[in-house]
Every structure is written in structure tokens, then in C-alpha cells.
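# Fold and geometry: a report
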Amino acid sequence: MDLRLLFISILLGVICYSSGQQEGNECIKANVLSCGDCIQVGAKCGWCTDINFLKQGEPTSARCDELESLKKRGCDVSKVENPRGSQRTIRNKPVTNRKKGAEKLQPNDITQIQPQELKLNLRSGEPQNIKLKFKRAEDYPIDLYYLMDLSYSMKDDLENVKNLGTSLMKEMSKITSDFRIGFGSFVEKTVMPYISTTPAKLLNPCTGDQNCTSPFSYKNVLKLTSDGEQFNSLVGKQQISGNLDSPEGGFDAIMQVAVCGDHIGWRDVTRLLVFSTDAGFHFAGDGKLGGIVLPNDGKCHLENNMYTMSHYYDYPSIAHLVQKLSENNIQTIFAVTQEFQPVYKELKNLIPKSAVGTLSANSSNVIDLIIDAYNSLSSEVILENSKLPEGVTITYQSHCKNGIVNDGENGRRCSNISIGDEVSFSINITAQGCPRQGKEEVIKIKPLSFTEEVKITLNFICECDCHKQGIKNSDLCHNGNGTFECGACRCNKGRVGRQCECRKDEVSTEDLDKNCRKDNGTDICSNNGECVCGTCECKKRDNPEERYSGKFCECDNFNCDRSNNKLCGGHGRCECRVCVCDANYTGSACDCSLDTSTCLASNKQICNGRGICECGTCRCTDPKFQGPTCEICPTCPGVCTEHKECVQCRAFGTGEKKDTCERDCSYFNLIKVKDRDKLPQPVQAFPLMHCKERDANDCWFYYTYAVNNTEKEVHVVEELECPPGPDIIPIVAGVVAGIVLIGLALLLIWKLLMIIHDRREFAKFEKEKMNAKWDTTDNPIYKSPINKFQNPNYGRKAVAL
């Protein structure tokens, strides 16, 4: 199992390495034939315009390579075409630093985003980074349009809205000094089958004695105005209408409010649409119930402030509404009752820059709802861009308050922005290839639901500068069969070859192939290329550093000798499978240095006069000397004395150098052994010296000193061998004599005690023996082992026969 895992790991490593090689070789793999095509491959690619750059056998596409590779191959930097992208700021008006109460400015004079216009020159694969600054201006003008459901269930709400104008004006004056308000209403399409079709019901759809207006789809009651009293007056004249189904036609009304800017009176300021209802909504497809099948066209159809095409066009879809609200920079506030909160919260998730507030049963809290929703919407900025040209990508990074940085989709937005706060965005715009043959394109970036925007003009670098100096039908391209530009021929249609010397229908013939066989052999281009127009064009390798060359592609620059796993030892270049060494290097793999500075000994002699410098390394001819410069002599006299103090301080922590041991004595490896038998013997391959030295206490220590290649090794016996001191001997002798005498005395005492004890025991035994009385009667239970038997016929006469 382990072997299988190892094999898989190795295989994956090889695949990753190969993949990395190929990914890093996009310039060569593109196989392009012109400078313009080369610079479209990627930002790393350049084109060499030097006429003599290509070696024999190399195709025109070999002029396109990575910049470093071109430099290594001998192309002068001045001959490399490598145009770079650039940017220029056209309009850069600073953001407005305006405070409430200051001089009143027109909306067009207030700037919240900087810069306003840029021009970019894009090179394929090279991102251009632009910085945008956004500042939420103080005292910024606001237009608010109140769109209300006037179905019968909103009767009590209408009474509270009648005084909304002046009250809302008063509250909004705390935010801005330039506030305008408008009013519109909606009910339902008048052709729907669920609206009563009798004339009386159509004129007064309410039941009983209720006086209601006839149903309508949408009515623009009051254009945006700064007169709150006019708002109260006109709204106070409105009447409730009726409808028999719960969903209302509010989407028709929202569409008209969004697209009828002139009728509504929208300015290029903050635009708020308050949508107030206590019911759901109809959307695209519901119009079929009334026989309406034409989709909503998203255009304005107001006549005398009434929507006149409700019977002709279906309700708009949600996506259609999102598009029009975004195009017209309108932020929507849904003021709905608690019952329909879930529905409108789902709708909010589909409409950017929208909010949902809970409307009380009689709309008494509508002002607080509007203020809260406005603060929530205005505290967030989200950047959006127009449709991008083909091949162009854009990424965002936001730098928000408190040092918060966002990337990806979140890089488009910053939240919790207060009035006067400034945030910034870093935007990368990248082109891949050359969209639409280099035609100029324009994209726009703007904060969602704001009227201000940044205009960015995109120009694409599709050709090299040398393209302009191209010579059409040049004699350098085989009698004018191509355009000579950027150091190479760009062949006319139907022509091929480095000099456009062949027609496509004669690229490969037997006569031409003969010119591609070396020494009349059988291999075409040495099996390392293709014969094109009688000339070998060598194959390309995945590794851009490796190339075939030569008239017959018989040469390469990667099959030379190696040293230390480096081609030509890293000190030369491989030309036609032979190393051409750098100065001061020689050998088949350029691994032999001719520099003798590394062989100089401390006496400035080469190899200390005791060796030969070969390839930058000393070969010592005197067997007693060794080391990098033949200066080390482990067996020479004085070696032991030379290292004594350092061995003593490192092994035993004593001696004259014990205080400077770490500084002065770290030049050898110290190895401790238990006794002298464990010390290395001089039978080893490198010279070794046995040493015996004595310290200040007359203690001997034993060690060996050797140089193993360049490593100095010292083996030392870990215990000192110290003789006994002169004052101790008599004491030891006296102690020993005393111990012996005491031992003899104790032995004699023990012997005497044992004799006395034995005599006492024997006397006791004798006494007990004499006092013993023996009983001579037979034992009553004794039974003799002897039995006597008598023959019964004993003593009788024998019977006569």
C-alpha cells in the first residue's frame, strides 16, 4: 500500500511539474507568426525584431518568447517589442466638501465620486489598476415620490397621508435643505374580469353608500415639488377606489414612475420611491386573465397624468422592473403591512438598493418608516458597471471604514457609511486578446442608485509599434511575396516559408525533402523537425529553454554533459550538444575551474607548496599533509601541544582557555569515549595522532586528533587519570592497619566465646546422661517376630505298609 501511495505521489509530482512547464510557455506554444499576434498571447511575451536573431532551423514563431528568455538567447533589449498598457485621467474633479448651511449648490455642482473620466490603453493579459474615491456628500438633495395603493382597504391610511407633506418636509429638513416630494396612486387594470363590469359598479365600485372613485391603473397626482402645503391639498382631495381581488396593479405604477422622468420631475439627485400598500402584486403573465398578452414595453404612457395603456400591455416582470429602476437610479422603499412582510422581503432581495418597512394599520408611522429606510439605503454604496466588451474582465476591491478590505463580489460595496465619510475602491480592468479588432469601447462605473458615474474609454493595443514601418511586397520576402515587418516576413495569402518562398500547394515534395536529409540519410530534419519549402523548421520543446537548431535540426542545447545535476555545470552554455565554457572553466561539463585563488594557503603559496591545484581544488602530494590547502599535518610534532588547552577546556572545563573556550575552541568536533581502548586507531584512511597530556593537577588525559577530509575530530577519554597525593598514603596505611588489628581482635574474642559455649553444652549433656533411669520390663505391645510350629506326627511310630 505504501509503495502504491509513493508511486501516485511521484506521478502527481511529474504531472504538476509538466503542467507548470507548459503553463509557463504560453508564448512559444501559441506558435504565432507576427508581432501583433505575439503580444496578444500574454503580458509576458515579447517579439525580437533583430533580423539575425533566428538560428538556422528555428521557425519565425521562435521570435515570440518570454522577455527573459529572449534576453538569454541574445536578443538586445532595444530590439524587443513589448508595448505596455497605460492610463490617462481626463476629468478629475475633487469630491465636494460641503456642510449643511453652507452656500447652496446646484445638484450638478456636487461631486461624490472621483475621478469622473479615464482613458485606458489595454495590453492583453496586463491589468490596469484604477483608484476610485467616493464621499457621501452632506446636505445632498433628495427627491421622494410617494406611490400609494388607493383600494378600499387603504381608506384609513389615506387620512394620515393627507398631512404627510408638511410633516415629512419638517423631518427631512434635518437631513437636507433641498427636499422635494411628489404623490401618485394606483389600483388595478380596468379590464380585469374580477372588476365589476356593470357601468354603475365601474363608476362607484364601493358597496353601500360609500362614495368611491372609479378604478384606475396609475395616476400621477402631484409632480415633485418643494411645496408641502400643495402636497397636503392635492392628496386631501383623493378618493378611495375599489377592487375585488387582493393583488393590486402596483407594478404598472412603479414602471411608469421609473420611466416617466419628465412627468414625475426627477432631478439628478437621490431618488426615493415609497411604495405603500396592504396587498400583494400582479406581475408578468397575470394580464392574460383579462386577455392582455403583449409584454410590457418599459416605456412612458402617461396622458394627462394617467397611465393609458394598462389595457394593452401586461404587467412588467420583476427583472424588467429591476432593470428600469437601476437605469433611472431609483431606490425603492416598500411600506407594507405586517401580513405582507415576507412577500416584500423576498422582492427586496431581488431589487438592489431597496428596503422594506412595516406599515401600521393606518399608516401613522410612515414618516419614521421613511427616515429609517433612507438612512439604511444611503449608508451603503455598491458599484456597478455597464456591459463589458468581449474578452474584458473587471475585479473590485473596496477599502471601507475602520480599515475593512473586501474582495470578490463584496469588493463592490462598503456599508455603514455616514454623511461625510470617504471610502475608496481599487479596480483592475484586464483584456484578453484584442476585442473587435481593436475598436474603441466605453464602459461606465457608478454607485448603484446614484446619478454620478465614471466614464472609462478602452483602447486596445493590437499591434506593435514596428508594424507601422512594415514594407509591403518587400524584396526580402522572396520577390515581394510578403510584408517585411518587425524583423520577419508576414507572407501574403497562399505563401509560406520564412521568406515566403513557397506556395502552400508545394510545401512538401520529394525534391524539396532531399534538402532536409543530412548526408543523404533517411531521416528528415534528424526527426527533430519538419521540412517546409526544402528547409528544416525544428520542433519546439515544452520547456522554452530547450531548443533544436541547425540546418538539419541536428543540434540542441539540452543534451550536453552535466555536473552537479546542472547543464554544463552551470558554468557554460550548450551549443550543438557540446559545452562552451565560461571564462576560467574547462572540462566536458565545464566543471573544472581554472581559478587558483581557492588553492592559496595562508603563506600565499599554492597548496602550501605541498600539492597541485586541479580544478580549483588542492591535490596534496605530500602524504603527511591534507586539508583544502594542504596545510594540515595531524602527525607532525607539536600537534598535541597545539590543541591541548582546547581539548582540556571542552572536555573537562579546565585549563587556561576555560573562559574563552566557546570563542577559541569550536574548530573541531569533540567525541568522548569511556576508556583508552575505545580511542580510534591509526589504521584508518586519514592521518591520526595519539596524544597524552597532563593538566595542572598532574592528572593525565588521553585523546586523538585527526582530520577527516575537512572535518577536524578529537576523541577524548572522558575520565582523568590522576595519581594519589603524598599526604594521603600514610593516612590510608594507618587506617588499613587499624582495620586489620580490630578485625584480628574481634576474631579472637569470637573464638574464645565459642570455646566457652561448647564446653558448657558438653558438661550439660554428661550430667543428663548420668541422671537417666532405664525401665527393663517388656513392652506390653511388643510382639516377637519369631513363631514356633511342631510337626503333629513327631514322635509317633511309623505305620507298617
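### Here we look at the overall build of the protein
- From N to C terminus, the protein includes 17 helices and 42 strands.
- Taking all contacts inside the protein whose residues are at least 6 apart in sequence as the whole, residues at least 24 apart take part in 60%.
- In the structure as shown, the protein presents an accessible area of about 45,000 Å², 51% of it carried by carbon and sulfur atoms.

### Here's the deal with a nonpolar patch on the surface
- Side chains of Val736, Val740, Leu741 and Leu744 sit close together on the surface and give an oily, nonpolar patch of about 370 Å² of accessible area.
- Mapped onto the elements, Val740 comes out in helix α17 (residues 728-770).
- Taking the relative accessible area as the measure of exposure, Val740 reaches 45% and is therefore partly exposed.

### Topic: the packing of aromatic side chains
- Throughout the structure, instances matching the rule amount to 16 aromatic pairs.
- Considering the side-chain rings of Phe281 and Tyr344, the 5.4 Å spacing of their centres and the 70° angle between planes classify their relative orientation as edge-to-face. Of this pair, Phe281 sits in the loop between β11 (270-277) and β12 (302-303) while Tyr344 sits in helix α12 (residues 341-350); the two residues are 63 residues apart in sequence, bridging distant segments of the chain. Just as Phe281 is buried, Tyr344 falls in that class too.
- Consider the rings of Phe701 and Tyr703, whose centres lie 6.0 Å apart with planes at 20°: the pair is stacked. Each member of the pair, Phe701 together with Tyr703, is buried.

### What to know about the sheet that holds strand β5 (residues 113-114)
- Spatially, five strands are ordered β5-β7-β20-β17-β18 in an open sheet, and the strand pairing comes out antiparallel. Of all strands in the sheet, those bounded by a partner on one side alone are β5 and β18 (405-406).

### Examining the pattern of salt bridges
- The tally for this structure, following the rule as stated, stands at 25 salt bridges.
- A salt bridge links Glu126 to Arg84, with the shortest nitrogen-to-oxygen separation between them at 3.6 Å. Within this pair, whereas Glu126 is found in the loop between β6 (117-122) and β7 (128-135), its partner Arg84 is found in the loop between β3 (80-81) and β4 (86-91), the two being separated by 42 residues in sequence.
- We note a salt bridge from Arg271 to Asp268, for which the minimum N-O separation is 3.4 Å.
- Taken together, the shared-partner salt bridges connect Glu58, Asp65, Arg73 and Arg547 into one network.

### Some words on helix α8 (residues 228-236)
- Buried residues of α8: Gly228, Phe231, Asn232 and Val235, and no others. The buried residues of α8 occupy an angular sector of 95° when projected down its axis, which confines them to one face.
- Contacts made by the buried residues of α8 are with α5 (155-161), α6 (164-172), β9 (179-186) and β10 (218-225).
- The distance from a side-chain oxygen at the start of α8 to the backbone nitrogen of Glu229 is 3.1 Å, and the residue carrying that oxygen is Asp227.

### So, the packing of helix α9 (residues 250-259) against helix α11 (residues 318-327)
- The contact between α9 and α11 brings their axes to 9 Å, and the two run at 25°. Taken together, α9 and α11 sit at an angle that is classed as roughly parallel. As for how α9 packs across α11, the hand of that crossing is left-handed. Facing Phe251, Ile254, Met255, Ala258 and Val259 of α9, the residues of α11 in contact are Ile318, His320, Leu321, Lys324 and Leu325.
- In the contact of α9 with α11, the residues fall into eight nonpolar, one polar and one charged.

### Quick notes on the pairing of β9
- Of all eight residues in β9, eight are buried; the element is thus mostly enclosed.
- What you see with β9 is no split at all: Phe179, Ile181, Phe183 and Ser185 on one side and Arg180, Gly182, Gly184 and Phe186 on the other are buried throughout.

### Focus: the nonpolar core
- Membership of the largest hydrophobic core comes to 37 residues, with the highest contact counts inside it found for Leu144, Tyr146, Met148, Leu164, Leu168, Phe179 and Phe183.
- The element contributing the most residues to this core is helix α13 (residues 366-378), with eight residues.
- When neighbours within four sequence positions are excluded, Met148 is seen to be in contact with Met154, Asp157, Leu158, Val161, Phe183, Gly184, Ser185, Phe186 and Ser276.
- Counting 30 residues, the second-largest nonpolar core is a separate cluster that includes Phe186, Ala258, Leu302 and Tyr307.

### Here we look at α6
- All of the buried residues along α6 are Leu164, Gly165, Leu168, Met169 and Met172. An end-on view of α6 places all buried positions within 125° of arc, on one side of the element.
- Against the buried residues of α6 lie β8 (142-149), α5, β9, β10, α8 and α13.

### Observations concerning unusual backbone geometry
- The amide bond that connects Gln114 to the next residue, Pro115, takes the cis arrangement and shows omega of -5°.
- Inspection of the secondary structure puts Pro115 in the loop between β5 and β6.
- We note that Asn473 has phi near 50°; this positive angle belongs to a residue other than glycine.
- Within the secondary structure layout, Asn473 lies in the loop between β22 (454-460) and β23 (482-485).
- Located in the positive-phi region is Cys568, a residue other than glycine, with phi close to 55°.
- Tracing the chain through its elements places Cys568 in the loop between β32 (566-567) and β33 (572-575).

### A word on the side chain of Thr483
- Within the secondary structure, Thr483 is located in strand β23.
- In this structure Thr483 touches Gly470, Ile471, Lys472, Asn473, Cys477, Ala488, Cys489, Arg490 and Asn492, once residues within four positions along its chain are discounted.

### Examining the sheet that holds strand β21 (residues 441-447)
- Here we have six strands laid out as an open sheet, ordered β4-β6-β22-β21-β16-β19, and mixed in their pairing. Each edge of the open sheet is held by one strand with a lone partner, namely β4 and β19 (413-414).

### Considering the environment of Asn406
- Tracing the chain through its elements places Asn406 in strand β18.
- For the pair Asn406 and Phe425, spaced 19 residues apart in sequence, the C-alpha separation works out to 9.6 Å.
- Non-local contacts of Asn406, meaning those with residues more than four positions away in its chain, are made with Tyr396, Gln397, Ser398, Cys400, Gly411 and Arg413.

### Let's talk about the confidence of the model for the protein
- A residue-level look at the protein finds 87% of positions with pLDDT of 70 or above and a mean pLDDT of 83.
- Note that residues 5-24 has pLDDT below 50 and, in this model, five contacts with residues that lie over four places away or in other chains.
- Segment residues 192-198: pLDDT under 50, and 22 contacts once partners within four positions in sequence are set aside and those in other chains are kept.

### Here's the deal with the pairing of strand β15 (residues 354-358)
- Both strand β14 (residues 330-336) and β15 contribute to a ladder of five bridges, which runs parallel. Looking at β15, one finds that Ala335 is bridged to Gly357.

Calculation criteria
Residues take numbers from 1 onward in each chain, read along the sequence in its written order. Confidence filtering applies because this is a predicted model: local features only for residues at pLDDT of at least 70, side-chain atom pairs given and counted only at 80 or more, and all residues used for totals across whole chains, interfaces and linings. Hydrogens are left out, water is left out, and the side-chain values use all remaining heavy atoms of the structure. Note on conventions: DSSP H or I runs of at least 4 residues are helices, E runs of at least 2 residues are strands, and numbering of each starts at the N terminus. Two residues qualify as a contact provided that any one of their heavy atoms is within 4.5 Å of a heavy atom in the partner residue. Only the protein chains shown count as covering a residue, and every accessible area follows the Shrake-Rupley method with a 1.4 Å probe. Here, patches come from residues exposed beyond 30% relative accessible area and free of salt bridges, joined within 9 Å for like charges and within 5 Å for nonpolar side chains (Val, Leu, Ile, Met, Phe, Trp, Tyr). By convention in these notes, a salt bridge is any Lys or Arg side-chain nitrogen within 4 Å of a carboxyl oxygen on Asp or Glu. Think of it in three bands: residues with accessible area under 20% of the maximum for their type are buried, residues over 50% are exposed, and the middle band is partly exposed, with areas taken using a 1.4 Å probe on protein chains only. Any Phe, Tyr or Trp ring, taking Trp's six-membered ring, that has another such ring centre within 6.5 Å forms a pair; planes under 30 degrees apart are called stacked, those over 60 apart edge-to-face, and the others tilted. Note: two strands are recorded as paired if DSSP finds a minimum of 2 bridges between them. As used here, the arc belongs to the directions running from the helix axis to the C-beta atoms. A 3.5 Å cut-off defines polar contacts: any pair of N or O atoms within that distance qualifies, except that in protein one atom must be a possible hydrogen donor and the other a possible acceptor, and neighbouring residues in sequence count only when both atoms are side-chain atoms. Under this scheme, a helix contributes an axis fitted over its contacting stretch, all axes are lines through C-alpha atoms, and angles between N-to-C directions fall in the 0 to 180 degree range. By the definition adopted for this analysis, an angle is roughly parallel if under 35 degrees, roughly antiparallel if over 145, roughly perpendicular if from 65 to 115, and oblique otherwise. Two helices cross in a left-handed way if the nearer one is turned anticlockwise from the farther one by less than a right angle. They cross in a right-handed way if the turn is clockwise. Note on residue categories: nonpolar means Ala, Val, Leu, Ile, Met, Phe, Trp, Tyr, Cys or Pro, charged means Asp, Glu, Lys or Arg, and polar means any other residue, Gly included. Among buried residues, the Ala, Val, Leu, Ile, Met, Phe, Trp, Tyr and Cys ones that are joined through side-chain atoms within 4.5 Å form a nonpolar core. Values of pLDDT, the confidence the predictor places in each residue, fall between 0 and 100.

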